[in-house]
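Survey of secondary and tertiary structure
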Amino acid sequence: MYLPWIGFFEQIASVDHFVLMDDVQYTRRDWRNRNRIKTANGVIWLTVPVRHPGLNALINEVEIDYQRDWVRRHLRSIEVSYQRRPYFQPLFDEIGEILRQRHARLVDLNRQLICLLMKHLDIHTPLSYSSAIPRDDARDCRDPDSRNGRILEICRHVGASVLYDGKKAADFIDLPRFRRAGVEVVFQDYQPRPYPQAFGEFVPSLSAIDLIMNVGGEAGAIMRDASAPNPLLRRRGGR
């Protein structure tokens, strides 16, 4: 996910280990290469152009397209929208430093930005790539049963007894199968807490840079305060 929203970071902050799924199918018109910020003219998208991936391309195979001058446009949009916010710096310069590195792969750009925003949100959860975790066999990542098997495989590898996943995962997660494997599943139900924003009424679910540039050092506390921790996560020591 590019410059993710605060709900993504709430997931990371709530667990002992967070696995970035980079060896599953890349989905177009998704959050992998884009996110939203708030401007004086309303909410806009910041989209990283990618080289047309094939239908079965994995996330870690997707390359960034630098034929378009998107880096300058993204930085200019962020600057114009947030330069008068109280905590615009140093985050803006740090984002610019990362974007100008011209990462070849989208996954590498996203991970570096995620780590940067974790620092500003005071999150210290270890991250790893799913591609670094061995597979028992070659599975079709588009098949729901295969996805369940792969996620269980990852849970076993990292020793997880609780899986904290996004709400959309409820569409394919086989809960009885996970229970039989000794893994309890918690689906995120994140309700963002309003915080001070420029340009009118509060808009939820923007990139986390909106939160950080508006409230600075309070960003981590606001992110964690937005929704009560699930009892399963509380018992595991998350949040």
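A brief structural summary. No experiment lies behind these values; they were computed from the predicted model shown.

Scanning the model with the defined rule gives eleven salt bridges in all. Here aspartate 69 ties to arginine 72 by a salt bridge, and the two come within 2.7 Å at their closest N and O atoms. On the basis of relative accessible area, aspartate 69 is assigned to the partly exposed category, the value being 40%. Three or more residues are tied together by salt bridges with common partners; here these are Asp23, Arg135, Arg150 and Glu153.

Now for the side chain of asparagine 60. You can see asparagine 60 is positioned in the loop between β3 (42-47) and α2 (70-82). Judged by relative accessible area, asparagine 60 falls into the buried class, the value being 14%.

Further remarks concern helix α7 (residues 208-215). Burial analysis of α7 places eight of its eight residues in the buried class, the great majority of the element. For α7, the complete set of buried residues consists of Ala208, Ile209, Asp210, Leu211, Ile212, Met213, Asn214 and Val215. Looking at the buried residues of α7, the elements they touch are α1 (6-13), β2 (34-39), α2, α3 (91-99), α4 (106-120) and α8 (219-225). Of the residues trailing α7, glycine 216 is marked for its positive phi of about 60°.

Within the largest apolar cluster, 57 residues are counted, with the highest numbers of intra-cluster contacts made by Phe9 and Ile95. The contact partners of phenylalanine 9, leaving out residues within four places of it in the chain, are Pro4, Ile114, Leu117, Met118, Leu121, Ile123, Ala208 and Met223. If you look at the next biggest cluster of nonpolar residues, it comprises ten residues, including Ile151, Ala169, Phe178 and Val185.

Turning our eyes to something else, we now look at the pairing of β2. Within β2, five of the six residues are buried, which leaves it mostly tucked inside the rest of the structure. Relative to β3, β2 runs antiparallel, the two being bridged by six bridges. Note on β3: the bridge partner recorded for isoleucine 37 is isoleucine 44. With antiparallel pairing between neighbouring strands as the criterion, β2 and β3 make up a hairpin whose turn holds two residues.

Looking at the secondary structure, you find methionine 118 in helix α4. Of the residues examined, methionine 118 reaches a relative accessible area of 5% and is grouped as buried. Spatially, the C-alpha atoms of methionine 118 and alanine 208 are 9.7 Å apart, while their sequence positions differ by 90 residues.

Now for the environment of alanine 104. As for its position among the elements, alanine 104 is in the loop between α3 and α4. Separated by 61 residues in sequence, alanine 104 and aspartate 165 place their C-alpha atoms 28 Å apart. Those residues in contact with alanine 104, other than ones at most four positions away along the chain, are Val62, Glu63 and Ile64.

Two aromatic rings, taken as a pair, are described by how far apart their centres are and by the angle between their planes. One pass over the structure, following the stated rule, counts seven aromatic pairs. When the ring of phenylalanine 8 is compared with that of phenylalanine 18, the centres are 5.5 Å apart and the planes differ by 80°; the resulting orientation is edge-to-face. With phenylalanine 8 in helix α1 and phenylalanine 18 in strand β1 (residues 18-20), the pair connects residues that are ten residues apart, well separated along the chain. With a relative accessible area of 9%, phenylalanine 8 lands in the buried category. Seen in terms of ring centroids, tyrosine 195 and phenylalanine 202 are 5.0 Å apart; in terms of plane orientation they differ by 80°. Their pairing is edge-to-face. In this structure an aromatic cluster arises from ring pairing among Phe8, Phe9 and Phe18. Over the aromatic face of tryptophan 45 sits the side chain of arginine 34, whose NZ or CZ is 4.1 Å from the ring centroid.

This part takes up α2. The end-to-end C-alpha distance of α2 is 18 Å, a good match for the 18 Å that 13 residues give at a rise of 1.5 Å each. Residues of α2 that are buried include every one of Trp70, Val71, His74, Leu75, Ile78, Ser81 and Tyr82, and no others. Buried residues along α2 cover an arc of 140° about the axis, so they all sit on one side. Taken together, the buried residues of α2 touch β2, β3, α3, α4 and α7.

α4 packs onto α1 with a crossing angle of 75° between their chain directions and a minimal axis gap of 11 Å. Relative to α4, α1 is oriented roughly perpendicular. Of α4, the residues touching α1 (which contributes Phe8, Phe9 and Ile12) are Ile114, Leu117 and Met118. Class assignment for the residues of the contact of α1 with α4 results in six nonpolar, no polar and no charged.

Conventions used here
- Residues numbered from 1 in each chain as written.
- Predicted model: local features only at pLDDT ≥ 70, side-chain atom pairs only at ≥ 80, totals over all residues.
- Heavy atoms only, no water.
- Salt bridge = Lys/Arg side-chain N within 4 Å of Asp/Glu carboxyl O.
- Buried < 20%, exposed > 50% of the residue type's maximum accessible area, 1.4 Å probe, protein only.
- Helix = DSSP H or I, 4+ residues; strand = E, 2+ residues; numbered from the N terminus.
- Contact = heavy atoms within 4.5 Å.
- Core = buried A, V, L, I, M, F, W, Y, C linked by side-chain atoms within 4.5 Å.
- Pairing = 2+ DSSP bridges.
- Phe/Tyr/Trp six-rings, centres within 6.5 Å; stacked < 30°, edge-to-face > 60°.
- Lys NZ or Arg CZ within 6 Å of the ring centre and 35° of its normal.
- Expected span 1.5 Å × (residues − 1).
- Arc of directions from axis to C-beta.
- Axes fitted to C-alpha atoms, helices over the stretch in contact; angles between N-to-C directions.
- Parallel < 35°, antiparallel > 145°, perpendicular 65-115°, else oblique.
- Nonpolar A, V, L, I, M, F, W, Y, C, P; charged D, E, K, R; others polar.

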